Amino acid sequence: FTVTVDDAIYFADQIQVKVNGTEVELKEDGTYTFEALDGDKTVTVENVVERKLFHITKPEVDGVTFTGEDSVREGKPYTFSIAVASTHLSTDMVVEVNGEKVSLENGSHTVEAAAGDMEITVEGVRAKEEYTVTKNAPEGVTIGGAETVLETDPYSFTVTVAEGYDDSNLAVAVVVGEEPV
C-alpha cells in the first residue's frame, strides 16, 4: 500500500503508520509491502498534523508594487517581490518582515520557514521631484526637449540653428539650480 501526504498542508515527517497496531516504516516513496498476507490487516495512519496557516500583511506604499501570496503554511518558505515605479526613488528604501530589516536580491526576498503571521513593511520610497526646464535661446536658435524632467532621470535636448544664421560662435550652457554643469 502507499501513503500519500500533502506536505504543503501536513507535516509528512510526523505521521505514524500502523498495521494491526504495530508501527511500520514506509519506504522513501511512501510505500509499504507486506511480505506475506497471513490474514486480515488493519492499517491506520496517526499523528496527521496540519500545518498552521499564517496571514501576510502586505505593504501599501505609493510607487511600490508588492507581489506575494496572502498566506503561507507553517514551516514553508514564503517569497515576495517588490518593484519600485520609475517615478519614485528607492535609494533610502528599507524592507522589514515583522520589524526585522531584510535585504532584497533582484527585488525578491524569501523567508525560509514561516513561523507565524508576517507583516511586511516598506519605508523610504518617495516620488521623484519634477523640475521645470527653462530654455533661453537667441533669435534663429531653437532648443528642443521636454518642458519638465523628473529627478535623477536623464534629460536630452537638441539645438537647431535656422538657415541663414551663423552658428560658429554658438555656445550652450546648462545650469541646474544655480550651478553650471
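Above this note sits the structure.
Below is a summary of the structure that appears in this document. (Residues numbered from 1 in each chain as written. Predicted model: local features only at pLDDT ≥ 70, side-chain atom pairs only at ≥ 80, totals over all residues. Heavy atoms only, no water.)

1. Some points on the sheet that holds strand 2 (residues 22-24)
Judged by pairing direction, the sheet is antiparallel, and its three strands sit side by side in the order 2-1-3 without closing on themselves. Two strands close off the open sheet at either side, each with one partner strand: strand 2 and strand 3 (43-46). Here the average twist between neighbouring strands, direction ignored, is 40 degrees. Bridge analysis of strand 1 (residues 16-19) against strand 2 gives three bridges, and the strand direction is antiparallel. What sits directly across from V17, in strand 2, is V24. (Pairing = 2+ DSSP bridges. Helix = DSSP H or I, 4+ residues; strand = E, 2+ residues; numbered from the N terminus. Axes fitted to C-alpha atoms, helices over the stretch in contact; angles between N-to-C directions.)

2. Some points on the layout of surface pockets
The volume enclosed by the largest pocket comes to roughly 730 Å³. As for the largest pocket, its lining consists of 22 residues, of which V133, T134, A173, V174 and V175 are closest to the centre. Breaking the lining of the largest pocket down by element, the ones donating at least two residues are strand 14 (130-132), strand 15 (141-144) and strand 18 (175-176). Broken down by class, the residue content of the lining of the largest pocket amounts to 17 nonpolar, four polar and one charged. Space inside the second largest pocket adds up to approximately 210 Å³. Surrounding the second largest pocket, 15 residues form its lining, A12, I15, L26, K27 and G30 being those nearest its centre. If you list the elements that add at least two residues to the lining of the second largest pocket, you get strand 1 and strand 2. (1 Å grid on protein atoms, 1.4 Å probe; cavity = no way out; pocket = protein on both sides within 12 Å on 5 of 7 lines; lining within 4 Å. Points joined across faces, edges and corners; volume = space filled by probe spheres on them. Nonpolar A, V, L, I, M, F, W, Y, C, P; charged D, E, K, R; others polar.)

3. Quick notes on the packing of aromatic side chains
A complete count under the given rule lists six aromatic pairs for this structure. Between F1 and Y32 the ring centres are 5.5 Å apart and the planes differ by 45 degrees, which places this aromatic pair in the tilted class. Taken together, the residues span a long stretch of sequence, with F1 in the segment before strand 1 and Y32 in the loop between strand 2 and strand 3 at a distance of 31 residues. Centroid distance Y32 to F34: 5.4 Å. Interplanar angle 90 degrees. Geometry classified as edge-to-face. For F34, a relative accessible area of 25% corresponds to the partly exposed category. (Phe/Tyr/Trp six-rings, centres within 6.5 Å; stacked < 30°, edge-to-face > 60°. Buried < 20%, exposed > 50% of the residue type's maximum accessible area, 1.4 Å probe, protein only.)

4. Quick word on the sheet that holds strand 5 (residues 64-67)
Whether parallel or antiparallel, the strands of a sheet pair through hydrogen bonds between backbone atoms. Judged by pairing direction, the sheet is antiparallel, and its three strands sit side by side in the order 5-7-11 without closing on themselves. Strands with a single pairing partner mark the edges of an open sheet, and in this sheet they are strand 5 and strand 11 (108-111). Strand-to-strand twist of the sheet, defined as the mean angle between neighbouring strand axes without regard to direction, takes the value 20 degrees. Of the strand pairs in this sheet, strand 7 (residues 78-84) and strand 11 are connected by four bridges, and their pairing is antiparallel. What sits directly across from F80, in strand 11, is H109.

Keep in mind these values describe shape, not function.
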